[in-house]
Amino acid sequence: DIRRIQIRETIMSHLEKERELYKKGIKVLSLFFIDEVAKYKFYDESGERKGAYAHIFEEEYKNAVDVFFSQLPFEEDVDYRTFLERDNVQRIHPGYFSVDKKGRAVDSDVKRGESESADVDAYDLIMKDKERLLSHEEPVRFIFSHSALREGWDNPNVFQICALRLSSGDIKKRQEIGRGLRLSVNKDGERMDAEILGTHGVHEVNVLTVVANESYDEFAKALQDEFYEVIKNRPKAITPDLFMGQ
C-alpha cells in the first residue's frame, strides 16, 4: 500500500510539472528506483510478465490522467491534453536493468551477463540517445531502474525521483538523487539557467521532487543543512571587493 501511494504521488507530481513545462518545450522525466527487478518484470514458462510495480503504475497512471483531465481547463490546455492521450500507457515506462546470461533482467548485484539491459532499445534510448529521450515525440517519460544508473547515465530533465527501495547508505542515496540535481534543457538543447529564465525563473523551473520512503527523512535534513553551510557565505555577485587582498 505504501509503494502504491508513492507511485501515485510521483505520477501526480509528474503531471503537474509536465503541464507547467510542456508549453515551454521542456520534457519531464520521472525515475523510479526499485528494490527487486521481479517486482517490475519477471519470467515464467510463457515468457516475460509484468510485475506488481508495472501493474500498479499502469493502474495509477490511468486513474491519475482521468482525474487530471477533469481538472484541466479544456480551452487552455488542448495541446497538452492531446499529448497525454497520444501514447498507450505501456509505451511510457521502460525498465533499465542488468541481465543474466539468458538475457533475463536481474538485480544489479547478481548480474552475470555481458549485456547491460534486457531491452536493447530502452538501453540505447536511456544511455545513448538523450536528444531523442528529451523530445516530446518520444513516448518514454517514466523510467524504472534497480541501480543508481552508475554506468554513466546523466540526464538533466529528471524532475521526480521515487525511492521504492530502502537505500543502505548515504552514498547510494546521493547517487540516486544526483540524477535529478541538474539544470534542465528544452527541446532545442538550451540550458534552463538564469540567463534564459531569470534569477527567479531558474528556481521555479528546476525543482526536484523526491517521493521518499522513511529512510530518507534524516538524510534529507542533513543534506539540506550541508548545502546551506556550503552556500550561505558564497557571494551573490562578482565585485572588485572580492579580489581585495587575494
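The structure reproduced in this document is the subject of the present report. (Residues numbered from 1 in each chain as written. Predicted model: local features only at pLDDT ≥ 70, side-chain atom pairs only at ≥ 80, totals over all residues. Heavy atoms only, no water.)

Focus on the overall build of the protein chain
When its secondary structure is counted, the protein chain shows eight helices and nine strands. Taking all 246 residues of the protein chain together, 44% fall into the buried category. Expressed as a percentage of contacts within the protein chain between residues at least 6 apart in sequence, the contacts between residues at least 24 apart total 70%. Total accessible area on the protein chain is roughly 13700 Å²; 49% of this is exposed by carbon and sulfur atoms. (Helix = DSSP H or I, 4+ residues; strand = E, 2+ residues; numbered from the N terminus. Buried < 20%, exposed > 50% of the residue type's maximum accessible area, 1.4 Å probe, protein only. Contact = heavy atoms within 4.5 Å. Areas by Shrake-Rupley, 256 points an atom, 1.4 Å probe, with all protein chains shown as cover.)

Here we look at the nonpolar core
It is characteristic of soluble globular proteins that their nonpolar side chains tend to be buried jointly. In this structure, Leu 15, Phe 57 and Tyr 61 are the most contacted members of the largest nonpolar core, which totals 29 residues. Those elements that provide at least two residues to this core are α1 (2-22), β1 (29-34), α2 (52-71), α3 (78-86), β7 (142-145) and β8 (158-164). When residues of this core are assigned to their parent elements, the largest contribution, nine residues, is made by α2. Setting aside its immediate chain neighbours within four residues, Leu 15 contacts Tyr 61, Ala 64, Val 65, Phe 68, Tyr 80, Leu 84 and Arg 141. Counting residues in each nonpolar core, the second largest holds 14 residues, with Phe 33, Leu 125, Leu 134 and Val 140 among its members. (Core = buried A, V, L, I, M, F, W, Y, C linked by side-chain atoms within 4.5 Å.)

Considering the pattern of salt bridges
Applying the stated rule across the entire model yields 15 salt bridges. Between Asp 77 and Arg 19 there is a salt bridge, and its shortest N-O distance comes to 3.1 Å. Of the two residues, Asp 77 sits in the loop between α2 and α3 while Arg 19 sits in helix α1, which places them 58 residues apart along the sequence. A relative accessible area of 6% means that Asp 77 is categorised as buried. Assessed through its relative accessible area of 28%, Arg 19 is described here as partly exposed. (Salt bridge = Lys/Arg side-chain N within 4 Å of Asp/Glu carboxyl O.)

What about the environment of Arg 91?
Mapping Arg 91 onto the fold places it in the loop between α3 and β4 (95-96). There is a polar contact of 3.5 Å between the side chain of Arg 91 and the side chain of Asp 87. (Polar contact = N/O pair within 3.5 Å; in protein donor to acceptor, adjacent residues only side chain to side chain.)

Examining the packing of α1 against α3
In the contact formed by α1 and α3, the axes pass within 10 Å of each other and the chain directions differ by 130°. As judged from the angle between their axes, α1 and α3 are oblique. Judged by the sense of rotation from one axis to the other, the crossing of α1 with α3 is right-handed. Across from Leu 15, Glu 18, Arg 19 and Tyr 22 in α1, the residues of α3 making contact are Asp 79, Tyr 80, Phe 83 and Leu 84. (Axes fitted to C-alpha atoms, helices over the stretch in contact; angles between N-to-C directions. Parallel < 35°, antiparallel > 145°, perpendicular 65-115°, else oblique. Left-handed = near helix turned anticlockwise from the far one by under 90°.)

So, the pairing of strand β2 (residues 41-44)
By the bridge criterion, four bridges tie β2 to strand β3 (residues 47-50) in an arrangement that is antiparallel. Bridged to Lys 41 within β3 is Lys 50. (Pairing = 2+ DSSP bridges.)

Remarks on α3
Among all positions of α3, only Tyr 80, Arg 81, Phe 83 and Leu 84 are buried. Angular distribution of buried residues about the axis of α3 spans 155°; they occupy a single face of the element. Those residues of α3 that are exposed and aimed more than 90 degrees away from the buried face are Asp 79 and Glu 85. Tucked inside the fold, the buried residues of α3 contact α1 and α2. (Arc of directions from axis to C-beta.)

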